[in-house]
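Observations on the three-dimensional arrangement
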Amino acid sequence: MNSQEIRRSFVDFFVGKQHRHMPAARLVPDAMSTTLFTIAGMEQFVPVFLGREPAPAPRVVTVQPCLRVAGGKNDLENVGRSGRHGTFLEMLGNFSFGEYYKREAILWAWEFLTAILRLPAQRLFATVYVDDDEAAAIWQTDVGLDAAKVTRFREDNFWDMGPTGPCGPCSEIFYDLGPTVGCGRPDCGVGCAHCDRYIEVWNLVFQQYDRDATGTLHPLPRTGIDTGMGFERLCMVLAGKTSIFDTDLYQDIIASLPEPVEDCELEQADQAVHRRIIADHARAAVFLAADGVSPSNTDRGYVMRFLMRRALRSGRRLRLPDGFFSELTRAVTATLADGYPRLREAQEWTRRLFTEEERLFDRTLARGEARLSTLLSEHAGRALAGRDIFELHDTFGFPPELTAEIARERGVEPDMAGYRVCMDEQRERARRDAASKRAAVRVESAERVDLPDSEFIGYEQLEARARVLAVYDESGRSISGLFAGQQGAIVLDQTPFYAERGGQAGDRGVIARDGAAFDVSDTQYQDKSHRRVLHAGRLSSGALSAGDSVEAIVDPHWRREIRRHHTVTHLLQRALKDVLGEGVAQRGSAVSPDRTRFDFDAPGGALRKAHAAAVETRVNELIRSDFHRDVRIQPFEAAVAQGAIFMKGEQYGQEVRVVTFGPSVELCGGTHVRSTGEIGHFVLASESAIAAGIRRVEGLVSEAADRYVARIRHAAEEAGSVLTATVDGLPESVARLVHERRELEKRLKTSQEQLASAQAEAYLQAAQQVGDVPYLAVNSPSLESVKPLSDAVRSRFARGVLAVVGADGDKVSVFVTVSDDLVRRGLSANKILQAMMSHVNGRGGGNAASASGGGKLPSGAPAALASVPQTIASLLAA
């Protein structure tokens, strides 16, 4: 059986056992998840196991893609080197929500493995939790497994997905790969720490507890079954292999890799490791792209970028040609599209994304490779400092994990703990900055199970009578009430206030009763389940307590402007698709009363001026057409079949809200105008890049657009007054000024070079020596003249060390060069520069022949120049 047949046979078997075949969750989990990526088949069913949501069916079967690159389920270090580990994997799973339990789970697993897949029973072993006599008895009595083949463990047979949530004892099924794989020890068996002879293929989890934050286990509302069988390992076993990379899931990808463009210095075994890394990481990246993730420097995008760049570096080490990674998307898609058709639909977009990331990585290598090489040479025999790893990440874009991997290959141990300290310091600076810009009320993260849900009634009304369900102080602690002057948050039983979600900012307004007024400055959901709405703000007068009857009043101006900007966001997406093509897809948005921000996949890269103008024109056409709003609740599948636009990677329920304005049809839970004519007019204010293949546009409507146009008109009239030109004549006047400035800059540069040439002769007279090494330490008259002066002196100073320092205000510029003959003797411009930098509070870099840097302490320039002969002497003595 090939991999596609194995995948189908699993689903067919459990459908035959009255299981409903459910679609897999996306690799990007929903808001309730505590994981960055989906790491287990049961993840989408956590609320069901906890009793918070109804089961989609009593019995379910899924094939779930998973990504394990962080935390306790991280297999990254072993990928390519072990035959059992990968970052991307598929998990075959069958689930029961109170329908059946241990006996059926064990018997059906045994039936599938031995009767359907015809695995030899004598090679199968089982493990159970240390005191799970029930599971052990089922294996021995009902299955007929010899007692010697049923092993009991404690930690290894108690499964959880994290520190909190559903968990329970489990029973694992192992397959014996044979004595040729074993260690040969007399005590070798299941769980052997010395070899991989016995490999786990299926984990049957008996869900029965909910672990809270204190570690206490609480019984679940009902017991359940959650099984997970590693698809790649199963394919390996059925193929008679000892490595997952020898199955058709990987071999077709590895076989499609091109031949090296030149001889590779790696040994054959190392070459094989890098080919396996490429195959694994390509599978992960293709799936992430199809699920709406793009390479970036934060969160999921950062992980994707790291995986892609790790694969690209493996390709560089194998001497593979440029473009190999983007071409690999076809082979990856071919191996997986049978189970996941959406990969084929996203293939062209994925290929472009890979192409762009490869281009960016080449640029990153060009910028940072020299610096990394210098650092590794300087740190030979000792650790690479954490601050250097941070610099490579912060300045050159090198992922720290990749820096660490390269360093270890060169025999240098990276100080990752030091790097994390630097990162924590940066995050703390960012946190303080963010906190200073936006004060927020913190609320309890623990769910209040005794608190009813909030009902949102604000689509058609901005005022409502409501009852206060709960009150929190500004630290998030539940209290009985608030008094005048106190900040806090209030939960109501029903509310017209829209809580921030889907990119739309939360409403503002007031909650009041006789003698009391609470000014709402923000509206948020209390937790990720979106069940209770928090109104955060300050009590300006009176007192409010839980149980009070109040009037909840949304600021009508705030909501009106929010509505207009939200609706135009829909029209903007429609216009982008009309102008650029259907390849445009939303990646994010932010809607506020004074602007809308829209991030999207850009099939053709940056918006050209003509495209931007066409988009703006198209949006205004849609506004003037005065399309009336149509809102319907539909099944998700029906809405998509009718052409409704939805956001890739977003999780949707079975029923969705569909908002239509003429040709614009989207899934959306936000608030909107009654007709597009209410919006007024639209201005496309800006366009920029935020990540590889992703663009951001910002637009304004209504009062914000009026203010923007007024500002532009005023600025144009002011500029025209200064230039004595009409507004229409401004482009010509500005172009003439720019031309004149460039001519003046050329003349200034020529004058500086002539002056530097004249000064060079005088500086040459001041040359000194350290031993037989000539050197010049020159104090340049200005920052701008440092480079031309250095060039002029160096043209006359063929042999020796030249260091030039210039200062202006609070800035210092330093340039150091060393002649080739002295580089061969061990002198280094970069090392001389680093010694000088310590005196001017600066930083810089370069190589042995040339280095430059900048500082912030001009008073240290004399000491920096004085350090040059001392550094030369120490380098000669080394």
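Residue indices follow the written sequence of each chain, beginning from 1 at its first position. The predicted origin of the model limits local features to residues at a pLDDT of at least 70 and limits the giving and counting of side-chain atom pairs to 80 or more, whereas totals for whole chains, interfaces and linings rest on all residues. Side-chain calculation: all heavy atoms of the structure are included, whereas hydrogens and water are not.

This brings us to the overall build of the protein chain. Think of it this way: any DSSP run of H or I at least four residues long counts as a helix, any run of E at least two long counts as a strand, and we number them from the N terminus. A tally of helices and strands in the protein chain yields 23 helices and 33 strands. Taken over the C-alpha atoms alone, the protein chain extends approximately 100 × 80 × 50 Å along its principal axes. Think of it in three bands: with a 1.4 Å probe and only protein chains considered, a residue is buried below 20% of the maximum accessible area for its type, exposed above 50%, and partly exposed in between. Buried positions account for 50% of the 878 residues belonging to the protein chain. Partitioning the contacts of the protein chain with sequence separation of at least 6, the portion at a separation of at least 24 is 68%. Accessible area of the protein chain: about 39700 Å², with a carbon and sulfur share of 49%. The positive count covers Lys and Arg only, the negative count covers Asp and Glu only, and His and the chain ends enter neither. Throughout, a charge is located at the NZ atom of Lys, the CZ atom of Arg, the CG atom of Asp or the CD atom of Glu. Looking at the protein chain, you have 106 positive and 118 negative side-chain charges, and the mean spots of the two groups are 3 Å apart. The criterion used for residue contact is that any of the two residues' heavy atoms lie within 4.5 Å. Computed with the Shrake-Rupley method and a 1.4 Å probe, the accessible areas treat only the protein chains shown as cover for residues.

With that settled, consider the side chain of threonine 403. Counting through the fold element by element, threonine 403 comes out in helix α13 (residues 400–409). Setting aside residues up to four positions removed in sequence, threonine 403 forms contacts with Leu372, Leu384, Ile389, Leu392 and Phe398.

The next point concerns the packing of helix α6 (residues 248–255) against helix α7 (residues 268–290). Direction vectors running N to C along α6 and α7 enclose 110°, while the axes themselves pass 9 Å from each other. When the interaxial angle is binned, α6 and α7 end up roughly perpendicular. Contacts between α6 and α7 involve Leu249, Tyr250, Ile253 and Ile254 from the first element and Arg275, Arg276, Ala279, Asp280 and Arg283 from the second. Interaxial angles span 0 to 180 degrees and are taken between N-to-C directions of axes, which are lines fitted to C-alpha atoms, for helices over the stretch in contact. By definition in this entry, angles of less than 35 degrees are roughly parallel, angles greater than 145 are roughly antiparallel, angles of 65 to 115 are roughly perpendicular, and the rest are oblique.

What follows covers the pattern of salt bridges. Any two side chains of opposite charge can pair if their charged atoms end up close together. Each reported salt bridge corresponds to a side-chain nitrogen of Lys or Arg within 4 Å of a carboxyl oxygen of Asp or Glu. Applying the stated criterion across every chain, the model contains 49 salt bridges. Ionic pairing is found between lysine 17 and glutamate 111, a salt bridge with its closest N-O pair at 3.1 Å. In this pair, lysine 17 is assigned in the loop between α1 (3–15) and β1 (20–21) and glutamate 111 in helix α3 (residues 102–116), connecting sequence segments 94 residues apart. For lysine 17, a relative accessible area of 18% gives the class buried. Three or more residues joined by partner-sharing salt bridges are found here, namely Arg560, Glu561, Arg563, Arg564, Glu678 and Glu703.

Looking now at α3. To estimate how far a helix should reach, multiply one less than its number of residues by 1.5 Å. In a regular helix each residue adds 1.5 Å, so 15 residues correspond to 21 Å; α3 covers 20 Å between its end C-alpha atoms and thus fits that length. All of the buried residues along α3 are Lys102, Ala105, Ile106, Trp108, Ala109, Trp110, Phe112, Leu113 and Thr114. Looking one or two residues past α3, arginine 118 carries a phi angle of roughly 60°, positive in sign.

Our focus in this paragraph is the side chain of serine 664. Its place among the elements puts serine 664 in strand β25 (residues 664–667). What serine 664 contacts, discounting residues up to four positions off in sequence, is His570, Leu571, Arg574 and Val659.

All right, on to unusual backbone geometry then. Positive phi, normally seen in glycine, also occurs at arginine 319, with a value near 65°. Structurally, arginine 319 can be placed in the loop between α8 (299–317) and α9 (324–336). Backbone geometry at asparagine 841 places phi at a positive 55°, although glycine is not the residue there. Tracing the backbone through its elements, the reader meets asparagine 841 in the loop between α22 (829–840) and β32 (842–846). Overall, the relative accessible area of 53% leaves asparagine 841 in the exposed class.

Residues belong to one nonpolar core when they are buried, are Ala, Val, Leu, Ile, Met, Phe, Trp, Tyr or Cys, and are joined through side-chain atoms within 4.5 Å. Ranked by size, the top nonpolar core spans 110 residues in total, and within it Leu67, Leu113, Trp139, Ile173, Trp202, Ile278 and Phe325 carry the most contacts. Top element by residues in this core is α7. It accounts for ten residues. If we ignore the near neighbours within four places in the chain, the residues touching phenylalanine 325 are Ile278, Ala282, Met308, Ala311, Leu312, Phe354 and Glu358. Counting residues in hydrophobic clusters, the runner-up holds 25 residues, among them Val812, Val818, Ala829 and Ala851.

The next subject is the sheet that holds strand β31 (residues 811–818). Note on pairing: DSSP must find at least two bridges between two strands before they are called paired. Spatially, the six strands line up as an open sheet ordered β28-β29-β30-β31-β33-β32, and their pairing is mixed. Of all the strands in the sheet, the pair left with one neighbour each is β28 (768–770) and β32. Put simply, the sheet's adjacent strands are angled 20° from each other on average, direction ignored. Two elements, β31 and strand β33 (residues 850–855), share six bridges in a ladder whose sense is antiparallel. Residue valine 812 lies in a different strand from β33, and its bridge partner there is glycine 855. Helix α20 (residues 786–796) rests against β29 (773–780), β30 (801–808) and β31 of the sheet, and its axis sits at about 155° to β30. Along the sheet face, helix α23 (residues 861–877) touches β28, β29 and β30 and points at about 165° away from the line of β29.

Counting buried residues along strand β21 (residues 586–592), six of its seven residues qualify, which places the element largely inside the surrounding structure. In this sheet, strand β22 (residues 595–601) lies alongside β21 in antiparallel orientation, the contact comprising six bridges. Across the sheet, valine 591 pairs through a bridge with threonine 596, a residue of β22. The hairpin turn running from β21 into β22, its antiparallel successor, is two residues long.

For the rest of this paragraph, the subject is the pairing of strand β16 (residues 509–513). Of the pairings in the sheet, the one linking β16 to strand β17 (residues 516–525) comprises five bridges and is antiparallel in character. Across the sheet, residue valine 510 finds its bridge partner in β17, namely aspartate 519. A loop of two residues connects β16 with β17, the two strands running antiparallel in sequence, and glycine 515 in this loop sits at a positive phi of about 80°.

Turning our eyes to something else, we now look at helix α4 (residues 133–143). All buried positions along α4 are accounted for by Ala135, Ala136, Ile138, Trp139 and Val143. Across the axial projection of α4, the buried residues extend over an arc of 155°, all falling on one side. On its buried face, α4 is in contact with α3, β4 (124–129), β5 (150–153), β7 (165–176) and β8 (198–211). With its phi angle positive at about 90°, glycine 144 sits one or two positions after the end of α4. Each direction from the helix axis to a C-beta atom contributes to the arc, which is the arc of those directions.

Per-residue confidence for the protein chain gives a mean pLDDT of 88, with 94% of residues at or over 70. pLDDT measures how confident the predictor is about each residue, on a scale from 0 to 100. Of the regions scoring below 50 in pLDDT, residues 433–449 engages in 30 contacts with residues more than four places distant in sequence or in other chains.

For any two helices packed against each other, one specifies the inter-axial angle together with the distance between the axes. Contact pair α7 / α8: the axes reach a minimum separation of 9 Å and the direction vectors enclose 150°. By crossing handedness, the relation of α7 to α8 is classed as left-handed. Residues His274, Ile277, Ile278, His281, Ala284, Ala285, Leu288 and Ala289 of α7 pack against Met304, Leu307, Met308, Arg310, Ala311, Ser314, Gly315 and Arg317 of α8. Taken together, the residues of the contact of α7 with α8 break down into ten nonpolar, four polar and two charged. Should the near helix be turned counterclockwise from the far one by less than a right angle, the crossing is left-handed, whereas a clockwise turn marks it as right-handed. Amino acids are sorted into nonpolar (Ala, Val, Leu, Ile, Met, Phe, Trp, Tyr, Cys and Pro), charged (Asp, Glu, Lys and Arg) and polar (every other residue, Gly among them).

All right, on to the environment of serine 171 then. Residue position: serine 171 is located in strand β7. Overall, the relative accessible area of 0% leaves serine 171 in the buried class. Through-space distance from the C-alpha of serine 171 to that of tryptophan 159 is 9.5 Å; in sequence the pair is twelve residues apart. Setting aside residues no more than four positions away along its own chain, serine 171 makes contact with Thr127, Val128, Trp139, Asn157, Trp202, Asn203, Leu204 and Phe206. Within the structure, serine 171 has its side chain in polar contact with the backbone oxygen of threonine 127 (distance 2.8 Å). Side chain to side chain, serine 171 and tryptophan 139 meet in a polar contact 2.8 Å long. We define a polar contact as two N or O atoms separated by no more than 3.5 Å, with the added condition that, inside protein, one atom must be a possible hydrogen donor and the other a possible acceptor, whereas residues neighbouring each other in sequence contribute only through side-chain atom pairs.

A separate point is the packing of aromatic side chains. Working definition: a ring pair exists when centres of Phe, Tyr or Trp rings (six-membered ring for Trp) sit within 6.5 Å. Plane angles under 30 degrees give stacked, over 60 give edge-to-face, the rest tilted. Counted according to the given criterion, the structure contains 25 aromatic pairs. Between tyrosine 100 and tryptophan 108 the ring centres are 4.8 Å apart and the planes differ by 75°, which places this aromatic pair in the edge-to-face class. Both residues of the pair, tyrosine 100 and tryptophan 108, belong to the buried class. An aromatic cluster is built from Phe10, Phe13, Phe14, Phe112 and Trp202, whose rings are joined through pairwise contacts.

Our next topic: the sheet that holds strand β26 (residues 682–691). With antiparallel pairing, the four strands of this open sheet are ordered in space as β21-β22-β27-β26. Here the strands that pair on one side only, and so sit at the sheet edges, are β21 and β26. Across this sheet, the average inter-strand angle for adjacent strands is 15°, counted without regard to direction. Direction of pairing for β26 relative to strand β27 (residues 694–701): antiparallel, over a ladder of eight bridges. Paired with alanine 689 across the two strands is arginine 695, which belongs to β27.

Turning our eyes to something else, we now look at the environment of isoleucine 832. Assignment of secondary structure puts isoleucine 832 in helix α22. By relative accessible area, which is 0% here, isoleucine 832 ends up buried. Put simply, isoleucine 832 and valine 868 are 36 residues apart on the chain and 6.5 Å apart in space, counted from C-alpha to C-alpha. Leave out the neighbours within four places in its chain, and isoleucine 832 touches Val801, Val816, Val818, Val868, Thr871, Ile872 and Leu875.

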